[in-house]
Amino acid sequence: EDQVTQSPEALRLQEGESSSLNCSYTVSGLRGLFWYRQDPGKGPEFLFTLYSAGEEKEKERLKATLTKKESFLHITAPKPEDSATYLCAVQPGGGSYIPTFGRGTSLIVHP
Amino acid sequence: DGGITQSPKYLFRKEGQNVTLSCEQNLNHDAMYWYRQDPGQGLRLIYYSQIVNDFQKGDIAEGYSVSREKKESFPLTVTSAQKNPTAFYLCASKDSHNSPLHFGNGTRLTVT
């Protein structure tokens, strides 16, 4: 069974205090790992797709990395506007069109 | 701009009434999904559809029904058989197996 575990469940940072969110996964034939950002009361917004171990993607203060067992979302010098819930999902191989989601990490950045 | 539109944003119903949530996309995506999101539980799949006139149950389909008569539209009906319908409902779509999901901004349903 495909599984995605995100840690920590919640993270509080001071503005400028860099940190990382973890997404550990077990999946049969990874076809893609996705990171999303979700603001309260809104739908998740797509951030990154990673397809193979060693791949990295960057966007502003965010950098996503991938190994064969986990992905990290590194947040460098975060600002209060980075506060959100970050979701990780994996797309298994085979014929399934259904991604498996983690429960998310709630990030709060204090000014 | 292309995207997914969910309506209404907020919906209130009395217990025992059926209610239909709208989801429309203009992304020309074949696959569409309905998720339910409750605090502390993450996203749970209700139904999904890979092509018009075909759909499959997800993990928590009991008490829900869907239709897919057009590529652009995937409405979800929450029936009176759903025991705990108050939740945040998200519709999503994607265009291929390896693509990320695109989400709408959700409908918050409150049943009293």
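All chains use their own residue numbering, which begins from 1 and follows the written sequence. As a convention, the first chain written is A and the first ligand written is 1, with the rest following in written order. Two thresholds apply to this predicted model, a pLDDT of at least 70 for residue-level local features and 80 or more for giving and counting side-chain atom pairs, whereas whole-chain, interface and lining totals are computed over all residues. Hydrogens and waters are ignored; side-chain quantities use all the structure's heavy atoms.

*Asks:* Outline the layout of surface pockets, listing residues and values.
*Replies:* Empty space within the largest pocket amounts to approximately 640 Å³. Surrounding the largest pocket, 27 residues form its lining, A:Thr85, A:Arg103, B:Gln37, B:Pro39 and B:Gly40 being those nearest its centre. Numbered from the N terminus, helices here are DSSP runs of H or I no shorter than four residues, and strands are runs of E no shorter than two. Counting only elements with at least two residues in the lining of the largest pocket, the list comes to strand E1 (3-7), strand E9 (84-91) and strand E11 (105-110) of chain A together with strand E4 (31-38) of chain B. Here the lining of the largest pocket takes four residues from E11(A), the largest share from any one element. Residues belonging to the lining of the largest pocket are distributed by class as follows: eight nonpolar, 13 polar and six charged. Using protein atoms alone on a 1 Å grid, points that fit a 1.4 Å probe yet trap it form a cavity, whereas open point sets bounded by protein on both sides within 12 Å along at least five of seven lines form a pocket; residues with an atom within 4 Å of a point count as lining. Grid points are joined across faces, edges and corners, and a volume is the space filled by probe spheres set on the points. When its volume is computed, the second largest pocket comes out at roughly 480 Å³. Lining the second largest pocket are 17 residues, with A:Asp2, A:Thr100, A:Phe101, B:Leu43 and B:Asp59 sitting closest to its centre. Asp, Glu, Lys and Arg are counted as charged, while Ala, Val, Leu, Ile, Met, Phe, Trp, Tyr, Cys and Pro are counted as nonpolar; the rest, among them Gly, fall into the polar class.

*Asks:* Any details on unusual backbone geometry? Residues and values, ideally.
*Replies:* Glycine aside, the phi torsion of most residues is negative, and most peptide linkages are trans. In this structure, the amide linkage connecting A:Ser7 to the following residue, A:Pro8, adopts the cis form with an omega of -10 degrees. In this structure, A:Pro8 sits in the loop between E1 and strand E2 (10-14). Residue B:Pro8 is reached from B:Ser7 by a cis peptide bond, and omega for that bond is -10 degrees. Although it is not a glycine, A:Glu60 sits at a positive phi angle of roughly 55 degrees. Among the secondary structure elements, A:Glu60 is positioned in the loop between strand E6 (56-59) and strand E7 (62-66). A positive phi angle, close to 65 degrees, is found at B:Asn53, a residue other than glycine. Mapping B:Asn53 onto the fold places it in the loop between strand E5 (42-51) and strand E6 (54-57).

*Asks:* Hey, could you go over the pattern of salt bridges for me, with residue numbers and the actual values?
*Replies:* Side chains that differ in charge, positive against negative, can pair when their charged atoms come close. By salt bridge we mean one thing: a side-chain nitrogen of Lys or Arg within 4 Å of a carboxyl oxygen of Asp or Glu. All chains considered together, the criterion is met by seven salt bridges over all chains. Between A:Glu56 and A:Lys63 there is a salt bridge whose closest N-O contact spans 3.3 Å. Of the charged contacts in the structure, one is a salt bridge between B:Asp30 and B:Lys71, with a shortest N-O distance of 3.4 Å. Placement of B:Asp30 in the loop between strand E3 (19-25) and E4 and of B:Lys71 in the loop between strand E7 (64-66) and strand E8 (76-78) is noted, with a sequence separation of 41 residues between them.

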